[in-house]
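Spelled out from the first residue to the last, the chains are:
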Amino acid sequence: MVRVGERELTWQEGMTLEDVIEALGDSYPYSVARVGSRIVTAPHFASVLVPDGIEVFLVPLVAGG
Amino acid sequence: MTAKLRAREVATFAYRRPAIRKGYANQTLHVDLSSAHMAIEPVSDEMKEVFVGGKGFDLWLLWNAVKPSTRWDDPENALCIASGPLGGTSIYPGSGKSIVCAISPTTGSCIDSNVGGFFGPYLKFSGFDALAVSGKAERPTILVIDGIDQRVRILEVEGLPEEAHEISQVLTHYFGQGKPRTISVVSTGPAAQHTRIGCLNFSWYDYKRSRSRLKQAGRGGIGTVFAHKGLKAIVARWDPITLAMNDPADAETLKKVAKLHSQEIVEQDPKQNRMSSVGTAHLVTIMNDYDLLPTQNYRFGRDPRAPEMGEAVFGALFDKGFDGCWVGCTLACSHGVKDFVPSTGPYKGRKVFVDGPEYETIAGCGSNLGIFDPLFVVEMNFYCDTYGLDTISTGTSIAFAMESFELGLIGKKETGGLDLSFGSREAALALLHQMARGEGFGAVVGQGVRRMKEIFAREYGADRRVMEDIGMEAKGLEFSEYMSKESLAQQGGYGLALKGPQHDEAWLIFLDMVHNFMPAFEQKAEALHWFPLFRTWFGLCGLCKLPWNDVTPADNRETREPAKVMQHVEWYSQYFSAVTGRIVKPADLIFMSERVYNFQRILCLKMGYGRREHDTIPYRAMGPVSVEEYESRAERYDGQLREVHHVDIEGKSAAEKVALLRRLREERYEQLKDAVYDRRGWTRDGIPTAETVRRLGIAFPEVLDVLKAHGVV
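Residues numbered from 1 in each chain as written. Chains lettered and ligands numbered in written order. Predicted model: local features only at pLDDT ≥ 70, side-chain atom pairs only at ≥ 80, totals over all residues.

Draft legend 1. View of the overall build of chain B. When its secondary structure is counted, chain B shows 29 helices and 17 strands. The C-alpha radius of gyration of chain B comes to 24 Å, within 12% of the 27 Å expected for a compact globule of 713 residues. Dimensions of chain B along its principal axes, counting C-alpha atoms only, are 80 × 55 × 55 Å. Relative to all contacts within chain B whose residues are 6 or more apart in sequence, the contacts with residues 24 or more apart total 71%. (Helix = DSSP H or I, 4+ residues; strand = E, 2+ residues; numbered from the N terminus. Rg over C-alpha atoms; globule rule 2.2 N^0.38 Å. Contact = placed C-beta atoms within 7 Å.)

Draft legend 2. Representation of the nonpolar core in the model. Residues and elements named next belong to chain B. Leu62, Cys80, Val100, Ala102, Val235 and Tyr575 are the most contacted members of the largest nonpolar core, which totals 236 residues. Element by element, the count of residues in this core is highest for helix H21 (residues 521–541), at 10 residues. Those residues in contact with leucine 62 that lie beyond four places of it in its chain are Ala78, Cys80, Cys101, Ala102, Cys110 and Leu603. (Core = buried A, V, L, I, M, F, W, Y, C linked by C-beta atoms within 7 Å. Buried ≥ 20, exposed ≤ 12 C-beta atoms within 10 Å, placed from the backbone.)

Draft legend 3. Focus on the sheet that holds strand S2 (residues 7–9) of chain A. All names here are of chain A. Taken in spatial order, the 5 strands line up as S2-S1-S5-S3-S4 in an open sheet, and their pairing is mixed. Strands with a single pairing partner mark the edges of an open sheet, and in this sheet they are S2 and strand S4 (38–41). Direction aside, the axes of adjacent strands within the sheet are offset by 25 degrees on average. Pairing between strand S1 (residues 2–4) and strand S5 (residues 55–59): 2 bridges, direction parallel. Bridged to valine 4 within S5 is valine 56. (Pairing = 2+ DSSP bridges. Axes fitted to C-alpha atoms, helices over the stretch in contact; angles between N-to-C directions.)

Draft legend 4. Expanded view of the domain arrangement of chain B. All names here are of chain B. Entries for chain B in the domain assignment read domain 1 (2–246), domain 2 (266–478) and domain 3 (488–541 + 591–709). The C-alpha-based centres of domain 1 and domain 3 are spaced at 33 Å. On the side of domain 3, 20 residues touch domain 1, which itself brings 26 residues to the contact. For the side of domain 1 that touches domain 3, the secondary structure elements donating two or more residues are helix H1 (45–51), helix H2 (55–65), strand S5 (98–103) and strand S6 (110–115). (Domains from an automatic or database assignment.)

Draft legend 5. A look at the pairing of S4(A). Residues and elements named next belong to chain A. Both strand S3 (residues 32–35) and S4 contribute to a ladder of 4 bridges, which runs antiparallel. Bridge assignment links alanine 33 to a residue of S4, and that residue is valine 40. The antiparallel hairpin formed by S3 and S4 contains 2 residues in its connecting segment, where glycine 36 sits at a positive phi of about 65 degrees.

Draft legend 6. Inspection of unusual backbone geometry at higher detail. All names here are of chain B. With an omega of 5 degrees, the peptide bond running from aspartate 239 to proline 240 counts as cis. Within the fold, proline 240 resides in the loop between strand S13 (231–237) and helix H7 (251–268). That bond from glycine 356 to proline 357 is cis: its omega, 5 degrees, falls within 30 degrees of zero. You can see proline 357 is positioned in the loop between strand S15 (352–355) and helix H11 (359–364). Phi is positive for arginine 274, close to 55 degrees, though the residue is something other than glycine. At aspartate 339, a residue that is not glycine, the phi angle is positive and equals roughly 55 degrees. Locating aspartate 339 in the fold gives a position in strand S14 (residues 336–340).

Draft legend 7. View of H21(B). Residue and element names in this part refer to chain B. Taking 1.5 Å of rise per residue, the 21 residues of H21 would be expected to cover 30 Å, and the 31 Å separating its terminal C-alpha atoms lies within 8% of that figure. Counted residue by residue, H21 has 16 buried out of 21 residues, so it is predominantly covered. Glycine 542 occupies a position one or two residues after H21 and carries a positive phi of about 90 degrees. (Expected span 1.5 Å × (residues − 1).)

Draft legend 8. Quick look at the sheet that holds strand S9 (residues 151–158) of chain B. Residues and elements named next belong to chain B. As summarised here, the arrangement of the 7 strands in space is S1-S9-S8-S13-S10-S11-S12, forming an open sheet in which the pairing is mixed. On the outer flanks of this sheet lie strand S1 (6–14) and strand S12 (211–217), each paired with one strand and no other. Between one strand axis and the next, the sheet turns by 20 degrees as a mean value, whatever way the strands run. Bridging between strand S8 (residues 141–146) and S9 involves 6 bridges; their strand directions are antiparallel. Across the sheet, isoleucine 145 pairs through a bridge with valine 152, a residue of S9. Packing of helix H4 (residues 164–176) onto the sheet brings it into contact with S8, strand S10 (183–187), strand S11 (200–206), S12 and S13, and relative to S10 it is tilted by some 145 degrees.

Draft legend 9. Summary view of the interface of chain B and chain A. Tallying the contact residues gives 24 residues for chain B and 17 residues for chain A. If you list the elements that add at least two residues to the side of chain B that touches chain A, you get helix H9 (283–289), helix H20 (509–514) and helix H22 (546–549) of chain B. For the side of chain B that touches chain A, a count of residues per class yields 8 nonpolar, 10 polar and 6 charged. (Nonpolar A, V, L, I, M, F, W, Y, C, P; charged D, E, K, R; others polar.)

What follows is the structure, given as structure tokens:
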């Protein structure tokens, strides 16, 4: 199982962060996410594997100080 | 150390501390160090209405202190420090900021720089909405504003250490009388005297770690102004810190909205940017992945070694514990490294505490120098702070010197034997120590990029044209640490910023380049209207911007304008209303800022700047200067020439394509200026029109006189 906010997704072997975002059916242009505490940017969404039982946080915007 | 300190009283000024009323002390403090004269001036209702507080008050005091002929080191240049009506609120995140203004040694015009720490709130609770220090002391001097004893003293001092972290520690205990938390110290360090890029350190006492911690007002050489006034420190003494101190008009609403924002940060920050754990270090790998992290003097935006300086590394280095630079801030992002042992300089081999680094320092003193060593960055951070150097200007200046060295514009003869190739750790640190002593090539680098260009051309025969392209300064201020080549909106954010290229006025790079939220010219112009104005508002009120947009509501992405984080804007309008009793809506916040923003532009004009020509940026900020830069991203640039500009590039050399792209991008930047000036109600020369200043209610006779002198009105 992978948790994303209130959603719980069924984990699959080889599941990537891109797969997680696609499964959400959300068209928002996410650029940054956290897999657990690890920060991942969109160019790497397709190559980052998501472990079973992890929580994914979708960072909605990078705003800058 | 304290026992060595000897202080001789030059003047004492006793006063009766007023009660704070709805966020205001309703008076300002004026100190002339030349005559040792001190005076209090009232704050009128009109001053509050028009200038609000904070930077607005600073600018008004500065306007009245200086003439068009005033230079940064003239006695009449006033160093102005203010909090703001919301500053000092002990329950709302990010409410402890001070803002400093003066005529800058790097730009010759008005600079503003904001900073955390306890000083601003303590100044206000001691009875002053703003402080203006003019004149020059003949001997090393400290100014002590004691709100508890209700007196201001000018003291000549001997035996005070030179370095900022020791000055803060010594004075905190000397004046704290067993209560160190009652003290906040403003100081600089030895390099401020010898360079033009000196910073100010503002302290706050960290009980858990039993030490004074430092935050910096870095930009524009404000520490250099301080040092040249003969100031060693300004000390504020105050106790207690309570919600009632600010006398909010509606305490219940304030508590309600503060709780909402505080709780949201506690819930959302661990899921988003983790500022409370890693500060702004999270940006390093994000910027790198999007080709936005400056490397090798902004030549490139990415390096495979960047993760070696990412949040995971600094998260492990930072000392664990609460790091809020003001009471009640749940974002608490002021992290530091404990027991760091420098490898060079006067503190070599000794354990020190380093406040930082933040993203700008990691990028400026690391990647932009071609160095990806976190411990090196920590050492640069330590010495910059304690020597009183702005890490951004220091990093950008050294990066320019390094590229000049690599291009053969300067050589070892000019650098005093230092090998300034990118990646030279020892040389970079050697420059810092030279700056602190005012010696060698470090003293040249410490003049900043604009003056280095002049010196290199005049004395070393270096090619001025090349240096104009690669020297990353505008208006005389060094760029902060983002690559703007691929974001026209960020080019405007840097080039059209009033004080010079600092991201705190308009940070649009991600919204524009990554999210493509503003594809049309008009949208970019609108963004370059709204964002600088809302960001200005924080500086009027004594607030930090980070709680606004570095953590966002869980449902923010579903709102109509997620980039503005309108839920927070609404909370800020409630916060302002609750403290001041002046009932405002979000649009009113923008109008408040617009007044001060235009007034600041006209102050720049008064000082001989503030026109279209001053909004120019070097081509390195707009696009690839060299064939090497072009070819490193050839697919991107070729694609743009073909698909965006419809240019047939078949058979063209890389050099020809560099020139073509340059012409197109420079034209586009000039078009952006026109669009932004139109949106702001300015002339094509970048000057606010008479109609604009009348609409804003700032058509004072002295303002109209400046406009008339420049052919407007």
